[in-house]
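Structural overview for review
If you want the building blocks of each chain, they are given just below.
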Amino acid sequence: MEPVIQEEPTGCGIAASAALAGVSYAEAKQKANALGIYAADTTLWSETEHVRTLLREFGITVSPKETPFKAWESLPDTALLAIKWHTEQGKPFWHWVVFIREHGEVKVLDSKKALKSNTRRDFGRIKPKWYIEVSN
């Protein structure tokens, strides 16, 4: 699995979905927009339903619940992580990234455009709040 770079400052949920689906950001954005999901909508990164809906459209099954993060070793092989979690005016916000364990390699795919590498292994710097297990 490869990272997909978000083409909009608030497009991390669309980019994470694209990475999981193996499609481009443009393809995921087109599908999201057809579903009434837009990067500028703050619920894309303050609620989970839009990302769940988009993933369902791609045929990707995810857990119905968010699981508190405890340790990197306890994560499933594929998961959506909520990092940079914070509240603004009492409402939670976060940045979506993808955790993947494949071919003996463990990495986080981070869609943020400004990063030197969008494949991250600096686990001590990444502070997940919770995750959603991805089944397929």
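Here is a short report on the structure shown in this document. (Residues numbered from 1 in each chain as written. Predicted model: local features only at pLDDT ≥ 70, side-chain atom pairs only at ≥ 80, totals over all residues. Heavy atoms only, no water.)

This paragraph deals with helix H2 (residues 25–34). Where H2 is concerned, the buried positions are Tyr 25, Ala 28 and Ala 32. What you see down the axis of H2 is that its buried residues fit within an arc of 70°, all on one side. Those residues of H2 that are exposed and aimed more than 90 degrees away from the buried face are Gln 30 and Ala 34. Just downstream of H2 lies Gly 36, where phi reads positive at about 80°. (Buried < 20%, exposed > 50% of the residue type's maximum accessible area, 1.4 Å probe, protein only. Helix = DSSP H or I, 4+ residues; strand = E, 2+ residues; numbered from the N terminus. Arc of directions from axis to C-beta.)

What follows deals with empty space enclosed by the protein. Inspection of the entire model under this criterion finds one cavity of 30 Å³ or more. If you add up the space inside the largest cavity, you get close to 50 Å³. As for the largest cavity, its lining consists of Pro 3, Val 4, Cys 12, Ala 15, Ala 16, Ala 19, Trp 96, Val 97, Val 98, Leu 109, Asp 110 and Ser 111. Counting only elements with at least two residues in the lining of the largest cavity, the list comes to helix H1 (12–21) and strand E3 (91–102). For the lining of the largest cavity, the element with the highest residue contribution is H1, accounting for four residues. Grouping the amino acids of the lining of the largest cavity by side-chain chemistry returns ten nonpolar, one polar and one charged. (1 Å grid on protein atoms, 1.4 Å probe; cavity = no way out; pocket = protein on both sides within 12 Å on 5 of 7 lines; lining within 4 Å. Points joined across faces, edges and corners; volume = space filled by probe spheres on them. Nonpolar A, V, L, I, M, F, W, Y, C, P; charged D, E, K, R; others polar.)

Take Leu 55: it is sitting in helix H3 (residues 49–57). Judged by relative accessible area, which is 0%, Leu 55 ranks as buried. Between the C-alpha atoms of Leu 55 and Glu 73, which are 18 residues apart in sequence, the distance is 25 Å. In this view, Leu 55 contacts Ser 17, Leu 20, Ile 60, Val 62 and Leu 80; residues no more than four positions away in its chain are not counted. (Contact = heavy atoms within 4.5 Å.)

Counted by the stated rule, this structure contains six aromatic pairs. With a centroid separation of 5.6 Å and 85° between ring planes, the pair formed by Trp 94 and Trp 96 is classed as edge-to-face. Each member of the pair, Trp 94 together with Trp 96, is buried. When the ring of Trp 96 is compared with that of Trp 130, the centres are 5.9 Å apart and the planes differ by 80°; the resulting orientation is edge-to-face. Taken as a pair, Trp 96 in strand E3 and Trp 130 in strand E6 (residues 130–133) lie far apart in primary sequence, 34 residues in all. An identical accessibility class is assigned to Trp 96 and Trp 130; each is buried. Of the aromatic side chains, those joined through ring pairs into one cluster are Phe 69, Trp 72, Phe 99 and Phe 123. Of note, Lys 31 hangs over the ring of Phe 58, and the distance from its end group to the ring centre comes to 5.2 Å. Above the face of the Trp 85 ring, Lys 129 is positioned so that its terminal group lies 4.4 Å from the ring centre. (Phe/Tyr/Trp six-rings, centres within 6.5 Å; stacked < 30°, edge-to-face > 60°. Lys NZ or Arg CZ within 6 Å of the ring centre and 35° of its normal.)

Shape is all these values report; function is a separate question.
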